[in-house]
Amino acid sequence: MKFKELGLSDDLLAAVTDAGYEEATPIQAETIPMVLKGQDVIGQAQTGTGKTAAFALPILEKIDKSNPNVQALVISPTRELAIQTQEEIYKLGRHERANVQVVYGGADIRRQIKSLKNHPQVVVGTPGRLLDHIRRHTLKLDHVQMLVLDEADEMLNMGFLDDIEDIIKQLPEERQTMLFSATMPPEIKRVGVQFMQDPKHVKIKAKELTTDLIDQFYVRSRDFEKFDIMTRFFDVQDPDLTIVFTRTKRRVDEISNGLQARGYNAAGIHGDLTQKRRTQIMNEFRHGKLDILVATDVAARGIDINDVTHVYNYDIPQDPDSYVHRVGRTGRAGKHGVSMTFVTPNEMGYLREIEKLTKVRMLPLKPPSAEEAFVGQLGVAKEAVTELVNKTDTEKYASAAKSLLEEYDAEDLVAALLNDVTKDDSSQVPVKITPERPLPKRGGKRHGGGGYHRGGNRHGNGGGYHHRNNDRRGGSRNGGRGYEGNRGHRSNNGGRRSEGSGKRGFTIRKKD
Ligand code: AMP
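Predicted model only: the values in this text are computed from it and were never measured.

**Quick notes on the overall build of the chain**
Per the secondary structure count, the chain includes 18 helices and 14 strands. Taken over 512 residues, the chain has a buried fraction of 51%. In the chain, once contacts between residues fewer than 6 apart in sequence are set aside, the share between residues at least 24 apart is 80%. Carbon together with sulfur atoms contributes 49% to the accessible area of the chain, which is approximately 24,200 Å² in total.

Here it is as structure tokens:
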């Protein structure tokens, strides 16, 4: 819906255009007219839906800019959210010169007292610090006409409910109240009943950050084990078009070289390569001439390829948003994808943060054993042999074949062929990846004051992960470790492996 249709002033419409917002989001389209009409609203919506502007715009429309009193109060669970909200309201109210201030704990209170003396019409704050200012009489709330309880379930989880009730008691009863929450536990509903008047409900479906088409797994392993485990997974899963993400350029080089040494059709891209080389590699990958692309986040920016079947996070990303971008390379255009994330024991907190954001639980996978990897390799090798047989002009080789069959056992000859088309395993080609400094330990604890990234812990939570229907994985290969992998081969693997490696020690016995 167009913002113009929502009944906002020209100044606000100009600010919306300046902000680059073209159309109102669903929560905005529903909430703004209700708030303008003076109704109380309970909005069930998460971060990312545009909920801040959904309450900021009607507040800015309704406040009297010539009135020096605080007319709107926004209570936020965290300092990060409070700051972001103040910035958004300030940005949208710039043309109207609305005065918006923010107060939060852990910062110099004298400076905040000074800013509150500046006659803000809108104040955003965290519960504890707001109460502090109320008690010091540095914040007067007797002219507040609009109250917003933002991320109410977060405030409940953080034990702020009593503080909020204490603040609400300071407000005029004649006021409009808006409550936003990603989830609606009974305590939040009670707040709605107790402190709101006939609230209208608006529910926005959670934005899906990762699609149900992607099966998301994680593998707990130590850093030095990752490479061998990853190649075993390649053998078991037989991925078709794969991106491996790593944290550093050095790892891109080491991993792509290591993969090549073990016979995989891999190449790496990072910022140190020339643009020409990067484009060349990307084109090879796009056209299926390359099976595995190893990349850093930065280099992978803008990769727009629809057929990626697997994303491997060799290093778990520090920022949960990066995870969403990375795995979003697969599961596109209605196709099924798989993501695999390696996690060292002290990185489990990062994994939980990602799950909190995506609302999807990753399923743990055990590393395949060497035997399982070998079984997987043999499956691929057999298909490669079938392909080789199909494309061979057998008559041309008939007499040479006959003479070999006289000399060797047929089974041994085929075994030698299979040996040749299977890849080298870790025992044959050891690959060492230089250790990188591990991510700082994150306890997986929630909040604790400072958020961890842009939004701090803004993302709705507590709403229970939705466990996906795992039927798709039913037909797993190799003892339930895998999933129904994408078996469409674009090319056989014969001839890709490095030359001259003594393979698996098969000996071809001569016929006696
Ligand atoms: P929020 O849900 O309030 O955290 O907003 C998420 C992000 O969406 C913020 O970066 C906003 O600046 C942006 N945003 C809000 N409304 C719109 C809109 N109508 N169109 C595009 N982006 C928007």
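Moving on from the model shown.
**Details of the sheet that holds strand 12 (residues 310–313)**
Pairing in this open sheet of 7 strands is parallel, and the strands run 10-11-9-12-13-8-14 from one edge to the other. The open sheet has two free edges, formed respectively by strand 10 (266–269) and strand 14 (363–364), since each of these has just one partner strand. As paired strands, strand 8 (residues 214–220) and strand 13 (residues 337–343) are joined by 7 bridges and run parallel to one another. Across the sheet, Gln216 pairs through a bridge with Ser339, a residue of strand 13. Helix-sheet contacts for helix 11 (residues 249–261) involve strand 10 and strand 11 (292–295), and the interaxial angle to strand 10 is about 170°. Relative to strand 12, helix 14 (residues 320–327) is tilted by about 150°, and along the sheet it contacts strand 8, strand 9 (242–245), strand 12 and strand 13.

**Description of the nonpolar core**
Core analysis: the biggest nonpolar cluster contains 39 residues, and Leu57, Ile59, Ile89 and Met178 have the highest contact counts within it. The contact partners of Leu57, leaving out residues within four places of it in the chain, are Phe3, Leu8, Leu12, Val16, Ile32 and Leu92.

**Quick look at helix 4 (residues 79–92)**
In a regular helix each residue adds 1.5 Å, so 14 residues correspond to 20 Å; helix 4 covers 20 Å between its end C-alpha atoms and thus fits that length. Three or more residues of helix 4 are buried, namely Glu80, Leu81, Ala82, Thr85, Gln86, Glu88, Ile89 and Leu92. Against the buried residues of helix 4 lie helix 1 (10–18), helix 3 (51–62), strand 2 (72–75), strand 3 (100–103) and strand 4 (122–125).

**What to know about the side chain of Thr248**
Locating Thr248 in the fold gives a position in the loop between strand 9 and helix 11. In this structure the side chain of Thr248 is engaged in a polar contact, spanning 2.9 Å, whose partner is the side chain of Glu436. Apart from residues no more than four positions distant in its own chain, Thr248 is found in contact with Thr296 and Glu436.

**Topic: the packing of aromatic side chains**
Under the counting rule described, the total for this entry stands at 4 aromatic pairs. The interplanar angle of 65° and the centroid separation of 5.6 Å between the aromatic rings of Phe234 and Tyr264 together place this pair among those described as edge-to-face. Residue Phe234 is found in helix 10 (residues 226–237), and its partner Tyr264 is found in the loop between helix 11 and strand 10; the two are separated by 30 residues along the sequence. The exposure class assigned to Phe234 is buried, which follows from its relative accessible area of 4%. The class of Tyr264 is buried, set by a relative accessible area of 6%. With a centroid separation of 6.0 Å and an interplanar angle of 55°, the aromatic rings of Tyr314 and Phe342 are classed as tilted. Of this pair, Tyr314 sits in the loop between strand 12 and helix 14 while Phe342 sits in strand 13, placing them 28 residues apart in sequence. Considered together, Tyr314 and Phe342 belong to a single accessibility category, that of buried residues. Each residue in the set Phe234, Tyr264 and Tyr312 is aromatic and connected to the rest through ring pairs, giving one cluster.

**Describing the UniProt feature "domain: DEAD-box RNA helicase Q" (unreviewed entry) in the chain**
Taken from the UniProt record, the annotation "domain: DEAD-box RNA helicase Q" (unreviewed entry) applies to residues 1–29. When the span residues 1–29 is considered, its composition is 45% helix and 0% strand, and the gap between its end C-alpha atoms is 6 Å.

**Focus on the packing of helix 10 against helix 11**
Axis separation between helix 10 and helix 11 bottoms out at 12 Å; the angle between their running directions is 50°. In this view, helix 10 runs oblique relative to helix 11, as classed from their interaxial angle. Taken as a pair, helix 10 and helix 11 cross one another with a handedness that is right-handed. Every residue of helix 11 that contacts helix 10 at Lys226, Phe227, Met230, Thr231 and Phe234 is listed here: Arg251, Ile255, Gly258 and Leu259. Here the contact of helix 10 with helix 11 is composed, by residue class, of 5 nonpolar, 2 polar and 2 charged.

**Some thoughts on the pairing of strand 6 (residues 176–181)**
A large share of strand 6 lies buried, amounting to 6 of its 6 residues. Covered by surrounding structure in strand 6 are Gln176, Met178 and Phe180 together with Thr177, Leu179 and Ser181, the residues of both alternating faces. Alignment of strand 1 (residues 41–44) against strand 6, held across 4 bridges, turns out to be parallel. Bridge assignment links Gln44 to a residue of strand 6, and that residue is Ser181. Examined bridge by bridge, strand 5 (residues 146–149) and strand 6 share 4 bridges and lie parallel to one another. Within strand 6, the residue paired with Met146 across the bridge is Gln176.

**Focus: the packing of helix 8 (residues 161–169) against helix 9 (residues 186–195)**
Look at helix 8 against helix 9: their axes get within 12 Å of each other, and the N-to-C directions meet at 10°. When the interaxial angle is binned, helix 8 and helix 9 end up roughly parallel. Mapping the contact onto sequence places Leu161, Glu165 and Ile168 in helix 8 and Glu187, Arg190, Val191, Gln194 and Phe195 in helix 9.

**Re the environment of Asp11**
Looking at where Asp11 falls in the secondary structure, it is placed in helix 1. Overall, the relative accessible area of 36% leaves Asp11 in the partly exposed class. Note: C-alpha distance between Asp11 and Leu92 (81 residues apart in sequence) is 8.9 Å. Every residue in contact with Asp11, bar those within four places of it in the chain, is listed here: His95 and Glu96.

Reading guide: rules and limits
Residues numbered from 1 in each chain as written. Predicted model: local features only at pLDDT ≥ 70, side-chain atom pairs only at ≥ 80, totals over all residues. Heavy atoms only, no water. Helix = DSSP H or I, 4+ residues; strand = E, 2+ residues; numbered from the N terminus. Buried < 20%, exposed > 50% of the residue type's maximum accessible area, 1.4 Å probe, protein only. Contact = heavy atoms within 4.5 Å. Areas by Shrake-Rupley, 256 points an atom, 1.4 Å probe, with all protein chains shown as cover. Pairing = 2+ DSSP bridges. Axes fitted to C-alpha atoms, helices over the stretch in contact; angles between N-to-C directions. Core = buried A, V, L, I, M, F, W, Y, C linked by side-chain atoms within 4.5 Å. Expected span 1.5 Å × (residues − 1). Polar contact = N/O pair within 3.5 Å; in protein donor to acceptor, adjacent residues only side chain to side chain. Phe/Tyr/Trp six-rings, centres within 6.5 Å; stacked < 30°, edge-to-face > 60°. UniProt positions renumbered as here; feature names shortened; annotations may be inferred. Parallel < 35°, antiparallel > 145°, perpendicular 65-115°, else oblique. Left-handed = near helix turned anticlockwise from the far one by under 90°. Nonpolar A, V, L, I, M, F, W, Y, C, P; charged D, E, K, R; others polar.

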